[in-house]
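Summary of structural features
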Amino acid sequence: MDKSSNNTGEEEAEAGRPTLKTLAFMTGLGVTTVSRALKDAPEIGAETRKRVQLVARQIGYRPNRAGVRLRTGKTNVISVVLNTTEQIGGFLSDFIYGISERLAATPYHLVVAPYSHNNDPMEPIRYVVETGSADGIIISRTEPNDPRVRYLTERGFPFAAHGRTAMGIEHAYHDFDNETFARLAVRRLAELGRRRLALLAPPPALTYHQHMRGGFLDELDRHGQSEAPFSSVSSDNIIDDIRRHTIELMRRTGRPDGIICGAGGPAFALIAGIEAAGFKLGRDVDLVAKEPFNLLQLVRPEIHVVEEDFRLAGRDLATAVLSSISDRSAPPMQRLVVPAEVIAPR
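Attention in this report is confined to the structure presented alongside it.

Each value, and the rule that gives it
- Residues numbered from 1 in each chain as written.
- Predicted model: local features only at pLDDT ≥ 70, side-chain atom pairs only at ≥ 80, totals over all residues.
- Heavy atoms only, no water.
- Helix = DSSP H or I, 4+ residues; strand = E, 2+ residues; numbered from the N terminus.
- Contact = heavy atoms within 4.5 Å.
- Areas by Shrake-Rupley, 256 points an atom, 1.4 Å probe, with all protein chains shown as cover.
- Buried < 20%, exposed > 50% of the residue type's maximum accessible area, 1.4 Å probe, protein only.
- Pairing = 2+ DSSP bridges.
- Right-handed = clockwise from strand over helix to strand, strands pointing away.
- Phe/Tyr/Trp six-rings, centres within 6.5 Å; stacked < 30°, edge-to-face > 60°.
- Lys NZ or Arg CZ within 6 Å of the ring centre and 35° of its normal.
- Axes fitted to C-alpha atoms, helices over the stretch in contact; angles between N-to-C directions.
- Salt bridge = Lys/Arg side-chain N within 4 Å of Asp/Glu carboxyl O.
- Polar contact = N/O pair within 3.5 Å; in protein donor to acceptor, adjacent residues only side chain to side chain.
- Core = buried A, V, L, I, M, F, W, Y, C linked by side-chain atoms within 4.5 Å.
- Parallel < 35°, antiparallel > 145°, perpendicular 65-115°, else oblique.
- Left-handed = near helix turned anticlockwise from the far one by under 90°.
- Nonpolar A, V, L, I, M, F, W, Y, C, P; charged D, E, K, R; others polar.

1. Quick notes on the overall build of the protein
- Check the secondary structure of the protein and you find 14 helices and 11 strands.
- Here the analysis covers contacts within the protein between residues at least 6 apart in sequence; of these, 66% occur between residues at least 24 apart.
- Carbon and sulfur atoms make up 50% of the accessible area of the protein, which amounts to about 16400 Å² in all.

2. Quick look at the environment of Ala56
- For Ala56, the position within the fold is in helix α4 (residues 46-59).
- Under the relative-accessibility criterion, Ala56 is labelled buried at 5%.
- Sequence separation between Ala56 and Leu23 is 33 residues, and the spatial gap between their C-alpha atoms is 6.8 Å.

3. Here's the deal with the pairing of strand β9 (residues 286-291)
- When you tally the buried positions in β9, you get 6 out of 6 residues, the bulk of the element.
- Where strand β8 (residues 258-261) lies against β9, 4 bridges are found, and the strand directions are parallel. In the sheet register, Ile260 faces β9, and the bridge partner there is Val288.
- Where the polypeptide runs from β8 across helix α12 (residues 266-276) and back to β9, its parallel neighbour, the crossover connection is right-handed.
- Judged from the 4 bridges that link them, β9 and strand β10 (residues 304-307) form a sheet pairing that is parallel.

4. Examining the packing of aromatic side chains
- Summed over the entire model, instances satisfying the criterion amount to 0 aromatic pairs.
- We note Lys290 situated over the ring of Phe181; from NZ or CZ to the ring centre the distance is 5.7 Å.
- The cationic tip of Arg311 hangs over the ring face of Tyr97; the distance from NZ or CZ to the ring centre is 3.9 Å.

5. Some details on the sheet that holds strand β3 (residues 136-140)
- Here we have 6 strands laid out as an open sheet, ordered β2-β1-β3-β4-β5-β11, and parallel in their pairing. Lying at the two open borders of the sheet, with one neighbouring strand each, are β2 (109-115) and β11 (334-337). Strand-to-strand, the axes of this sheet are offset by a mean angle of 15 degrees, without reference to chain direction.
- Relative to β2, strand β1 (residues 77-83) runs parallel, the two being bridged by 7 bridges. Directly across from Val80, in β2, lies its bridge partner Val112.
- Its contacts with the sheet put helix α7 (residues 122-131) on β1, β2 and β3, and the angle it makes with β3 is roughly 170 degrees.

6. Observations concerning the pattern of salt bridges
- Tallied over the entire structure, the rule returns 24 salt bridges.
- The residue Arg164 makes a salt bridge to Asp175 at a minimum N-O spacing of 2.7 Å. Here the residue Arg164 occupies a position in the loop between β4 (159-162) and β5 (173-176), and Asp175 occupies one in strand β5, the gap between them amounting to 11 residues.
- Glu191 is the partner of Arg188 in a salt bridge, and the nearest nitrogen-oxygen pair spans 3.4 Å. With Arg188 and Glu191 both in helix α9 (residues 178-191) and 3 residues apart, the pair spans about one turn of that helix.
- Judged by its relative accessible area of 16%, Arg188 is buried.
- On the basis of relative accessibility, which here comes to 63%, the residue Glu191 falls in the exposed class.
- Shared partners join several salt bridges into a network, and the residues in it are Glu179, Arg183, Arg187, Asp218, Glu219 and Arg222.

7. Things to note about the side chain of Arg164
- Classification of Arg164 by relative accessible area gives buried; the value is 18%.
- A distance of 2.7 Å separates the side chain of Arg164 from the side chain of Asp175, its partner in a polar contact.
- When neighbours within four sequence positions are excluded, Arg164 is seen to be in contact with Thr142, Glu143, Tyr173, Asp175, Phe176, Asp177, Thr207, His211 and Leu336.

8. A few points about the nonpolar core
- Counting 24 residues, the largest nonpolar core has Leu200, Phe230, Ile259, Cys261, Leu270, Leu287 and Ile303 as the members making the most contacts within it.
- Of all the elements, α12 adds the most residues to this core, at 5 residues.
- Ignoring sequence-local partners within four residues, the contact set of Ile259 consists of Leu189, Ala198, Leu249, Met250, Leu270, Ile274, Val285, Asp286, Leu287 and Val288.

9. Overview of the side chain of His245
- Positionally, His245 belongs in helix α11 (residues 239-250).
- What His245 contacts, discounting residues up to four positions off in sequence, is Phe230, Ser232 and Val233.

10. Notes on the packing of helix α2 (residues 20-27) against α4
- It is the contact of α2 with α4, at a shortest axis distance of 10 Å, that shows an interaxial angle of 120 degrees. Taken together, the axis directions place α2 and α4 in an arrangement best described as oblique. The two elements α2 and α4 meet at a crossing, and its hand is right-handed. Across the interface between the two elements, Thr22, Leu23, Met26 and Thr27 from α2 touch Arg51, Val52, Val55, Ala56 and Ile59 from α4.
- Here the contact of α2 with α4 is built from residues that sort into 6 nonpolar, 2 polar and 1 charged.

11. So, the environment of Phe268
- Relative to the assigned elements, Phe268 resides in helix α12.
- The spatial distance from the C-alpha of Phe268 to the C-alpha of Leu296 is 8.1 Å, given a sequence separation of 28 residues.

Okay, structure coming up:
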């Protein structure tokens with residue numbers, strides 16, 4: 001039995017599901033032509049490809065993954081490995097949407113592999129690589145010396161990172177320029193006459209903590225401002241902890257009159273703490289926050305925001321992984337998004 005007949009048998013084993021034969025019957029084309037049209041093969045005319053792919057969507061055709069893997073050695077799966085903490089930052093839905101949007105026109109499916117602070121972040125990475133359960137991986141929360149990046153690079157496994165590293169390893173990434181974000185925020189607060197600033201930063205182990213804090217401190221020096229230390233919590237902490245520590249911060253001698261928040265969700269906890277301590281946002285203290293979901297100024301127009309596009313990040317990272325899968329010798333795709341402005345209160 002040749003490969004094509006074996007593939008058909010595998011598809012027909014899934015009773016009730018549309019198969020390549022179903023598509024061939026409905027379009028009046030051969031099974032081989034339909035299969036190639038679904039893969040965007042250049043030898044199939046553009047109109048034929050569009051017609052086959054339209055019918056496939058209309059009848060809910062999905063390739064048999066087991067059959068695909070037997071034929072090609074590929075799973076047609078991209079795995080996104082995410083820390084469960086990332087839901088707190090408010091970016092997760094847009095990030096996943098961006099990845100899914102990019103994969104929609106491809107044979108690839110998205111599988112999310114979550115892990116918590118209590119787990120070894122290498123565990124889901126090793127599982128995917130050792131079991132071959134995906135063709136590529138997207139990781140986030142990069143560290144300057146990230147063992148996941150080293151492991152994936154050494155094994156030649158396609159991946160892209162949401163964030164940079166400082167390891168001397170060239171790898172695919174999408175990153176937001178958090179140093180520039182911090183500089184823009186400090187400048188805006190200086191323009192508002194704020195002299196003593198606090199920074200709610202990400203955890204110190206992460207690369208973008210170093211970028212954000214470096215820009216913050218350097219820009220403070222440029223404007224002759226001082227820091228109100230706020231290292232007891234990070235943007236990863238739960239909302240109640242951030243609120244409680246913000247109350248303590250605002251009741252302290254030498255309280256800040258300006259605060260910079262490195263994430264969107266925690267900004268609400270900061271505001272709750274400011275007001276619980278008896279101070280008014282926009283009068284006693286100004287706040288500059290990163291804005292991932294176009295909500296902060298809608299709810300509290302007094303906030304100054306810097307926008308970060310997580311849908312773009314998702315699309316970029318999916319594109320980078322797909323590129324690496326198709327040509328592992330190609331230079332890694334890299335994008336650093338540099339913010340240009342702070343949006344004033346409405």
